[in-house]
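An overview of the molecular structure
In case you want the letters, here they are:
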Amino acid sequence: MAQSIRISTTPPKNYVPSGRNADPAVTEKVLSDVIEFLTSEKCAGRGTGSDGANTAAMFISQKFSDCGLVPVNGSWSHAFPVNAERVKGTGRNIMGVYVGANAPKNTRYVIVGAHYDNLGVLEGKMYPGADSNASGVAAMFSIIDMLQVMKDLGRTYSKNILFVAFDGKEANSSGAEYLLKQIEKGELM
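Bear in mind that the values here come from a model prediction, so they are computed numbers and not experimental data. (Residues numbered from 1 in each chain as written. Predicted model: local features only at pLDDT ≥ 70, side-chain atom pairs only at ≥ 80, totals over all residues. Heavy atoms only, no water.)

**Observations regarding the pairing of strand 2 (residues 77-83)**
Put simply, the test is: Only protein chains enter the accessibility calculation, which uses a 1.4 Å probe. A residue is then buried if its area is under 20% of the maximum for its type, exposed if over 50%, and partly exposed in between. The secondary structure listing takes helices from DSSP runs of H or I that are at least 4 residues long and strands from runs of E that are at least 2 residues long, numbered from the N terminus. Should DSSP find at least two bridges between two strands, the strands are regarded as paired.
Residues His-78, Phe-80 and Val-82 point to one face of strand 2 and are all buried, whereas Ser-77, Ala-79, Pro-81 and Asn-83, pointing to the other face, are not buried. Here seven bridges tie strand 2 to strand 3 (residues 88-98), and the two strands are oriented antiparallel to one another. Bridge pairing in strand 3 places Val-82 opposite Gly-89. Between strand 2 and strand 3, which follow one another and run antiparallel, lie four residues.

Below, the structure written as structure tokens:
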């Protein structure tokens, strides 16, 4: 499977950019490639703190980088402690920013997120999590791809957009809670 799923196009002469021109960025193949990877044995169900979750986190970080997002505070990965009934250890939110055309760095931003963790392996059975939530991550990537195509075509969005791949949803939504604490403390960007 190809690691890069970004689509770029070259506009013809007398081209007028519109949202419809980003539609080709979302295809069944693009979506299924992401879901296939995240539900594979390599990611082993993406249980928080597992090797499979780390593999998924690296895949997401690479995608964010390939699409030109900016890492938050110099890093894609933001670790937080997890102390849930089934999971104890470290979770990782993966975060990147699409910098808006007219938005100052330290301003309001829109948050688009999807959790990438799932149950992992329980009692020897892997829970691949296509609907929880590999499909949500694939949809988030599609939004990034569409924004990037529009940017390549000269049409940019004016607001900063924070993309977050949450970890720890299956561990008391600890990744979302951690992001909220970061926002409250003013620790982002």
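**Digging into the packing of helix 2 (residues 51-66) against helix 3 (residues 130-152)**
Condition: Orientation is described by lines fitted to C-alpha atoms, with helices fitted over the stretch in contact, and by angles between N-to-C directions that extend from 0 to 180 degrees. Should an angle lie under 35 degrees it is considered roughly parallel, over 145 roughly antiparallel, and from 65 to 115 roughly perpendicular; all remaining angles are considered oblique. Each helix crossing is assigned a hand: it is left-handed if the near helix lies turned anticlockwise from the far helix by less than a right angle, otherwise right-handed if that turn is clockwise. Residues count as neighbours in contact if any of their non-hydrogen atoms are within 4.5 Å of one another. Throughout this entry, Asp, Glu, Lys and Arg are counted as charged residues, while Ala, Val, Leu, Ile, Met, Phe, Trp, Tyr, Cys and Pro are counted as nonpolar. The remaining residues, Gly among them, count as polar.
Two numbers describe how helix 2 lies on helix 3: the axes approach to 11 Å, and their chain directions differ by 15°. By the criterion of interaxial angle, the relationship of helix 2 to helix 3 is roughly parallel. Of the two possible hands of crossing, helix 2 and helix 3 adopt the one that is left-handed. Here Phe-59, Ile-60, Lys-63 and Phe-64 of helix 2 come into contact with helix 3, specifically with Val-137, Met-140, Phe-141, Ile-144 and Asp-145. Among the residues making up the contact of helix 2 with helix 3, the classes are represented as seven nonpolar, no polar and two charged.

**A closer look at the pattern of salt bridges**
A side chain of one charge can pair with a side chain of the opposite charge when the charged atoms of the two come close. Formally: Whenever Lys or Arg places a side-chain nitrogen within 4 Å of a carboxyl oxygen from Asp or Glu, that contact is recorded as a salt bridge.
Applying the stated criterion across every chain yields a total of four salt bridges. A salt bridge links Lys-63 to Asp-145, with the nearest nitrogen and oxygen atoms 2.5 Å apart. A residue pair is termed long-range when its members are at least 10 positions apart, and Lys-63 in helix 2 and Asp-145 in helix 3 qualify at 82 residues. The exposure classification of Lys-63 matches that of Asp-145, with both residues buried. The shortest N-O distance in the salt bridge between Glu-170 and Lys-169 comes to 3.4 Å. Judged by relative accessible area, which is 38%, Lys-169 ranks as partly exposed.

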